[in-house]
Amino acid sequence: LGIKTEKYGILVDHLKRVYQIGDSKVHQFTERKNHGELNDLEEKSWLAHAIERQAAGGTGITDEEMVAISGIILSASVDTTSSLLSWNLLHIALNQDVQERVHEELSTAIASTGSGDGRLSADIFNKKTTPYLHAVLRETFRLTPAAPLA
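All values derive from a computational prediction rather than experimental measurement.

Conventions adopted
The numbers attached to residues start from 1 for each chain and follow its sequence in the written order. Local features are withheld for residues below a pLDDT of 70 in this predicted model, meaning they are given only at 70 or higher, and side-chain atom pairs are given and counted only at 80 or more; totals for whole chains, interfaces and linings count all residues. To get the side-chain values, take all heavy atoms of the structure and skip hydrogens and water. Nonpolar side chains (Val, Leu, Ile, Met, Phe, Trp, Tyr) within 5 Å and like charges within 9 Å form the patches, drawn only from residues with over 30% relative accessible area and no salt bridge. Residue-level accessible areas treat just the shown protein chains as cover; the underlying method is Shrake-Rupley with a 1.4 Å probe. Salt bridge, as used here, is a side-chain nitrogen of Lys or Arg placed within 4 Å of a carboxyl oxygen of Asp or Glu. Residues counted as positive are Lys and Arg, residues counted as negative are Asp and Glu, and His and the chain ends are not counted. For this purpose, a charge sits on NZ of Lys, CZ of Arg, CG of Asp or CD of Glu. Going along the chain from the N terminus, every DSSP run of H or I of four or more residues is numbered as a helix, and every run of E of two or more is numbered as a strand. Stacked, tilted and edge-to-face are the three classes assigned to paired rings of Phe, Tyr and Trp, where Trp is represented by its six-membered ring and a pair needs centres within 6.5 Å; plane angles under 30 degrees give stacked, over 60 edge-to-face, the rest tilted. For a lysine, the NZ atom is tested; for an arginine, the CZ atom; a charge sits over a ring if that atom is within 6 Å of the ring centre and within 35 degrees of the ring normal. Multiplying 1.5 Å by the helix residue count minus one yields the expected span of that helix. Categorising residues by exposure relies on relative accessible area from a 1.4 Å probe, with only protein chains included: less than 20% of the type maximum marks a residue as buried, more than 50% marks it as exposed, and the intermediate range marks it as partly exposed. Picture the helix axis, draw a direction to every C-beta atom, and the arc is the one those directions span. Residues count as neighbours in contact if any of their non-hydrogen atoms are within 4.5 Å of one another. Using protein atoms alone on a 1 Å grid, points that fit a 1.4 Å probe yet trap it form a cavity, whereas open point sets bounded by protein on both sides within 12 Å along at least five of seven lines form a pocket; residues with an atom within 4 Å of a point count as lining. Grid points are joined across faces, edges and corners, and a volume is the space filled by probe spheres set on the points. The residue classification treats Ala, Val, Leu, Ile, Met, Phe, Trp, Tyr, Cys and Pro as nonpolar and Asp, Glu, Lys and Arg as charged. All others, Gly included, are polar. What counts as an axis is a line fitted to C-alpha atoms, over the stretch in contact for a helix, and the angles between N-to-C directions run from 0 to 180 degrees. Any angle that is under 35 degrees is reported as roughly parallel, and any over 145 degrees as roughly antiparallel; angles of 65 to 115 degrees are reported as roughly perpendicular and all others as oblique.

### Some thoughts on a positive patch on the surface
On the surface, a cluster of positive charge is contributed by Lys 44, Lys 127, Lys 128 and Arg 138. Residue placement: Lys 44 occurs in the loop between helix 2 (40–43) and helix 3 (46–56).

### Comments concerning the packing of aromatic side chains
Enumeration according to the criterion identifies zero aromatic pairs in this entry. Lying across the ring of Tyr 132, Arg 101 places its NZ or CZ 3.9 Å from the centre.

### Considerations on helix 5 (residues 96–113)
An ideal rise of 1.5 Å per residue puts 26 Å on 18 residues; helix 5 measures up with 25 Å between its terminal C-alpha atoms. Regarding helix 5, the residues found buried are Val 98, Val 102, Glu 105 and Ala 109. The buried residues of helix 5 all sit within an arc of 65° when viewed along its axis, so they share a single face. In helix 5, those exposed residues whose orientation departs by more than 90 degrees from the buried face are Asp 97, His 103, Glu 104, Thr 108 and Ala 111. Those residues of helix 5 hidden inside the fold are in contact with helix 4 (63–94) and helix 6 (131–143).

### Examining the pattern of salt bridges
When the charged atoms of two side chains with opposite charge come close together, those side chains can pair. Scanning the entire structure with this criterion turns up four salt bridges. Of the charged contacts in the structure, one is a salt bridge between Glu 42 and Arg 32, with a shortest N-O distance of 2.6 Å. A residue pair is termed long-range when its members are at least 10 positions apart, and Glu 42 in helix 2 and Arg 32 in helix 1 (residues 6–34) qualify at ten residues. Note on Arg 32: relative accessible area 28%, which makes it partly exposed. When the shortest N-O distance is used, the salt bridge between Lys 33 and Glu 43 registers 3.3 Å. Here Lys 33 is found in helix 1, whereas its partner Glu 43 is found in helix 2, with ten residues between them in sequence. A single salt-bridge network, built from bridges that share partners, covers Lys 33, Glu 43 and Glu 52.

### Quick look at the layout of surface pockets
The calculated volume of the largest pocket comes to roughly 500 Å³. If you go around the largest pocket, you meet 18 residues; those closest to its centre are Gly 22, Val 26, Ser 70, Gly 71 and Leu 74. Every element with two or more residues in the lining of the largest pocket is listed here: helix 1, helix 3 and helix 4. With nine residues, helix 1 is the single largest residue contributor to the lining of the largest pocket. Of the residues contributing to the lining of the largest pocket, the split by class is eleven nonpolar, five polar and two charged.

### Points about the packing of helix 4 against helix 5
Two elements in contact, helix 4 and helix 5, have axes separated by 5 Å at closest approach and are oriented at 110°. The angle between helix 4 and helix 5 falls in the class roughly perpendicular. Each of Ile 92, Ala 93 and Leu 94 in helix 4 lies in contact with helix 5, whose residues at this interface are Gln 96, Val 98 and Gln 99.

The analysis is restricted to geometry; functional conclusions fall outside its scope.
Shown next as structure tokens:
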């Protein structure tokens, strides 16, 4: 309709800023990939594979489209991730033995793979380091999938 209110202007400004941040993040990720600086989880990500396909020339996707698609995927994943984590917390709260085993596994992983300061790092969430945690997450998803299967 062409009506541009003050609030509409603020929304447009915020969306532009979100795009700038996303653009910066995608380009930083691409640079890190090109220099071989991604960890195992990052190497397996959708974005890493999309960058490879784009570099091979088979996608026809521009950098601008890559940023937009990444933003859409991130937005869509927030709801499913928060839902999965909520269900996971409920299942763990209802199963004290599972909670204790996950705690033990994470404590051991932090002590053996961390920097010694007791902080979490991406390495701790490697499937080889925390296999029980991964099994619990998969079981939660099986019991309470993000979308109906039938």
